[in-house]
Amino acid sequence: MTDLTSSAPTSMAGNTPTGEPVTIRRAADVSHLVNTSTQARSNARIVIGIALGGVFLDAYDLGALAFGMKDVTREFGLSPTGAGMVASAIAFGAIVGAMIGGYLTDKIGRYRVFMADMFFFVVAALACAFAPNEYVLAGARFVMGLGVGIDLPVAMAFLAEFSKLKGRGNKASSIAMWCPTWYAAISISYLLVLFFYSVLPEAHSGLLWRIILGFGAVPAILIIAIRSRYMSESPVWAANQGNLHDAAAILRNSYGINAQVAKDADLSPETPVRKASWRNYGELLKGVYLRRTILATVTAIASAFAYNAVAFGLPVIISSFLAQSMLTTILISLTLNLLFAFVGGILAVRLVPRFGAWKMTVLGYSFQFVALIGLALVGKPADGGQAAISIAMLALFLLGQGFGPGSHTMTFASLSYPTSLRGVGVGFNQTLMRGSSTVSLFLFPLLSAALSTNVFWVIALAPLAGLTALLAFRWEPSGYDVDAEDFAIQNH
């Protein structure tokens, strides 16, 4: 049997096993223990925090560069096309990274991939800070995108495979935590922008974007250190490889579950239920997975297109369309993200075990559609009342994103596939979602320059497409034991 724990150690900060010993005889027993054990919850918060480190850095970079784009454009003399290239480079890198990361997550395990991808962030953040021209800046952001793309499939796999199946803190709730984490990172980037904006002398204000982007290396280094100390391999993935002793050790040391391999268990090397392969991307388009893939893909593409246009364009919208100063722009953006997007994400985490991901995503897209139509109808505000309406519409959009598609498109992507397909499933979803982000980030400067506030009519097509897909495919992943589909194959 492969000694998995030698290359993917159990958590050094694990729990001492308590309670009566529980025996495991097959991979399904490991999945059942994680799905039903209350002891596994004691490890939940730290795993969520570690797993979502890449999400934090991705969002931090987006928020930081959003405020710096005017200075970048001025310093390098960028055309709208050049600005779009710099803005979309991270998403283009994530397209490549997601395909690679999805495959590697299933092939060599969650832990190894998780430990390697953070180095992309460190190198890229420092390269951004010292970029001599727009090409180096775009290249560094592409490298950062590789790290983001590789990180997301493995992060979602961890969240799905350590959480219980039903009730508060279930799999869907844990995965939804990625959304408030994103908005917390955006808000932190805004606060840092505000801090450096207030302390930098006017003569050095052009350095603001370099300082903020370079600062991203600091949390990346901290995340590497924390992951190396506290993270372990997924016990469900280990069991699926036929390594029951390794899975039991992880359950004991990392989850506090007193798991023991039964003496009469068959310990002969097992063939994985579905061997990791590039061909598994094709499995996503077959049988029951086809409908789930269509739903997860369309909702992810729609969410990414609309959110990236509005979130990245938020400072532009407030400063240009609403004619506000830099300081007011920072404060309004920070307030909108904290009070509406972040709060919406927290609501998603708390409410998805009760209402399900499908209903909350439908409601979120409905809010977004109404908000974008409202912004398009108001156009450039002529007075304070119309400006207040526009800001209220932005708040409604971000609230809908927070508790709807922003949280649960990742739920659809992660919980539509069992363990053997989860890496490629999330990787495929992220590849297409990041493609949508690339198009959105590239087109928004061009469309806003050409259409002004009429750009919101175009953006409104995205939530409309998401609603159409949800009404056509009524699939609810929350509370459904999708990992059991692997064991059904095994039993046959």
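Residues numbered from 1 in each chain as written. Predicted model: local features only at pLDDT ≥ 70, side-chain atom pairs only at ≥ 80, totals over all residues. Heavy atoms only, no water.

Undergrad: So what's going on with the overall build of the protein chain? Which residues, and what values?
TA: Helices and strands together make up the secondary structure of the protein chain, namely 24 helices and two strands. The contacts of the protein chain with a sequence gap of at least 6 include a subset with a gap of at least 24, amounting to 85%. Within the structure as shown, the protein chain displays about 18100 Å² of accessible surface, and the carbon and sulfur contribution to it stands at 66%. (Helix = DSSP H or I, 4+ residues; strand = E, 2+ residues; numbered from the N terminus. Contact = heavy atoms within 4.5 Å. Areas by Shrake-Rupley, 256 points an atom, 1.4 Å probe, with all protein chains shown as cover.)

Undergrad: Would you mind going over the packing of aromatic side chains in detail, with residue names and values included?
TA: One pass over the structure, following the stated rule, counts 10 aromatic pairs. Geometrically, the ring pair formed by Phe-367 and Phe-403 is edge-to-face, given 5.5 Å between the ring centres and 85 degrees between the ring planes. Linking Phe-367 in helix 18 (residues 357-378) with Phe-403 in helix 19 (residues 384-403), this pair joins segments that are 36 residues apart in sequence. A residue is classified by how much of its surface remains accessible, and Phe-403, at 7% relative accessible area, is buried. Of the aromatic side chains, those joined through ring pairs into one cluster are Tyr-103, Trp-278 and Tyr-281. (Phe/Tyr/Trp six-rings, centres within 6.5 Å; stacked < 30°, edge-to-face > 60°. Buried < 20%, exposed > 50% of the residue type's maximum accessible area, 1.4 Å probe, protein only.)

Undergrad: How would you summarise the nonpolar core if you had to cite specific residues and measurements?
TA: Ranked by size, the top nonpolar core spans 127 residues in total, and within it Leu-137 and Met-156 carry the most contacts. Examining the composition of this core, we find that 13 residues originate from one element, helix 8 (residues 134-162), more than from any other. Excluding anything up to four places from it in sequence, Leu-137 contacts Val-72, Phe-76, Val-86, Cys-128, Ala-131, Trp-209 and Leu-213. Tyr-103, Tyr-417, Val-424 and Phe-428 belong to the second largest nonpolar core, which has eight residues in total. (Core = buried A, V, L, I, M, F, W, Y, C linked by side-chain atoms within 4.5 Å.)

Undergrad: I'd like a description of the pattern of salt bridges, backed by residues and values.
TA: Taken as a whole and judged by the stated rule, the model has 10 salt bridges. For Arg-110, the salt bridge goes to Glu-161, with nearest N and O atoms at 2.5 Å. Pair noted here: Arg-110 is in helix 6 (residues 110-116) and Glu-161 is in helix 8, with a separation of 51 residues, a long-range link. The exposure classification of Arg-110 matches that of Glu-161, with both residues buried. Connected via shared salt-bridge partners are Asp-106, Arg-110, Glu-161, Arg-422 and Asp-483. (Salt bridge = Lys/Arg side-chain N within 4 Å of Asp/Glu carboxyl O.)

Undergrad: Explain helix 20 (residues 405-415) to me, and be specific about the residues and the numbers.
TA: Across the 11 residues that make up helix 20, a large majority, 11, are buried. Listing the buried residues of helix 20 in full gives Pro-405, Gly-406, Ser-407, His-408, Thr-409, Met-410, Thr-411, Phe-412, Ala-413, Ser-414 and Leu-415.

Undergrad: Tell me what's going on with the side chain of Asp-486, and back it up with residues and numbers.
TA: Its location among the elements puts Asp-486 in helix 24 (residues 484-491). One polar contact links the side chain of Asp-486 to the main-chain amide nitrogen of Thr-419, over a distance of 3.3 Å. (Polar contact = N/O pair within 3.5 Å; in protein donor to acceptor, adjacent residues only side chain to side chain.)

Undergrad: How would you explain helix 2 (residues 27-36) if you had to name every residue and give the values?
TA: Along helix 2, eight of the 10 residues are buried, which leaves the element largely enclosed by surrounding structure. The complete set of buried residues in helix 2 reads Ala-27, Ala-28, Asp-29, Val-30, Ser-31, Leu-33, Val-34 and Asn-35.

Undergrad: Account for the environment of Leu-331, with residues named and values stated.
TA: Considering the arrangement of structural elements, one finds Leu-331 in helix 17 (residues 326-355). What makes Leu-331 partly exposed here is its relative accessible area of 39%.

Undergrad: Which residues make up the packing of helix 7 (residues 118-129) against helix 11 (residues 208-215), and what values do they have?
TA: For the pair helix 7 and helix 11, the least separation of the axes is 7 Å and the interaxial angle reads 170 degrees. Judged by the angle between their axes, helix 7 and helix 11 are roughly antiparallel. In this structure, helix 7 contributes Ala-125, Leu-126, Cys-128 and Ala-129 to the contact, and helix 11 contributes Trp-209, Arg-210, Leu-213 and Gly-214. Taken together, the residues of the contact of helix 7 with helix 11 break down into six nonpolar, one polar and one charged. (Axes fitted to C-alpha atoms, helices over the stretch in contact; angles between N-to-C directions. Parallel < 35°, antiparallel > 145°, perpendicular 65-115°, else oblique. Nonpolar A, V, L, I, M, F, W, Y, C, P; charged D, E, K, R; others polar.)

Undergrad: Tell me about a nonpolar patch on the surface, residues and numbers included.
TA: Taken together, the side chains of Phe-215, Val-218, Leu-222 and Ile-226 define a hydrophobic patch exposed on the protein surface, amounting to about 330 Å² of accessible area. Within the secondary structure layout, Phe-215 lies in helix 11. (Patch = residues over 30% accessible without salt bridge, like charges linked within 9 Å, V, L, I, M, F, W, Y side chains within 5 Å.)

Undergrad: Which residues make up the environment of Arg-292, and what values do they have?
TA: Inspection of the secondary structure assignment puts Arg-292 in helix 16 (residues 287-321). The class for Arg-292 is buried, based on a relative accessible area of 6%. It is 8.5 Å that separates the C-alpha atoms of Arg-292 and Tyr-417, two residues lying 125 residues apart in sequence. Contact partners of Arg-292, with chain neighbours within four places excluded, come to Ser-416, Tyr-417, Trp-475, Tyr-480, Val-482 and Glu-485.

Undergrad: Can you explain the packing of helix 7 against helix 8? Please cite residues and give values.
TA: It is at 8 Å that the axes of helix 7 and helix 8 come closest, and there the two elements cross at 160 degrees. Compared by their axis directions, helix 7 and helix 8 come out roughly antiparallel. Between helix 7 and helix 8 lies a crossing of left-handed hand. Within the contact between the two elements, helix 7 uses Met-118, Phe-120, Phe-121, Ala-124, Ala-125, Ala-127 and Cys-128 and helix 8 uses Val-136, Leu-137, Ala-140, Arg-141, Val-143, Met-144, Leu-146, Gly-147, Val-148, Ile-150 and Asp-151. Grouping the amino acids of the contact of helix 7 with helix 8 by side-chain chemistry returns 15 nonpolar, one polar and two charged. (Left-handed = near helix turned anticlockwise from the far one by under 90°.)

Undergrad: I'd love a proper account of the confidence of the model for the protein chain, names of residues and values included.
TA: Detailed reading of the predicted coordinates is not advisable wherever pLDDT is low. For the protein chain, mean pLDDT is 82; residues scoring 70 or higher make up 86% of the total. Taken element by element, the protein chain is modelled with least confidence in helix 1 (residues 4-7), mean pLDDT 42, and with most confidence in helix 23 (residues 461-472), mean pLDDT 96. Within the model, pLDDT remains below 50 along residues 1-8, and this stretch shows 18 contacts once partners closer than five positions in the same chain are excluded. (pLDDT = per-residue confidence, 0-100.)

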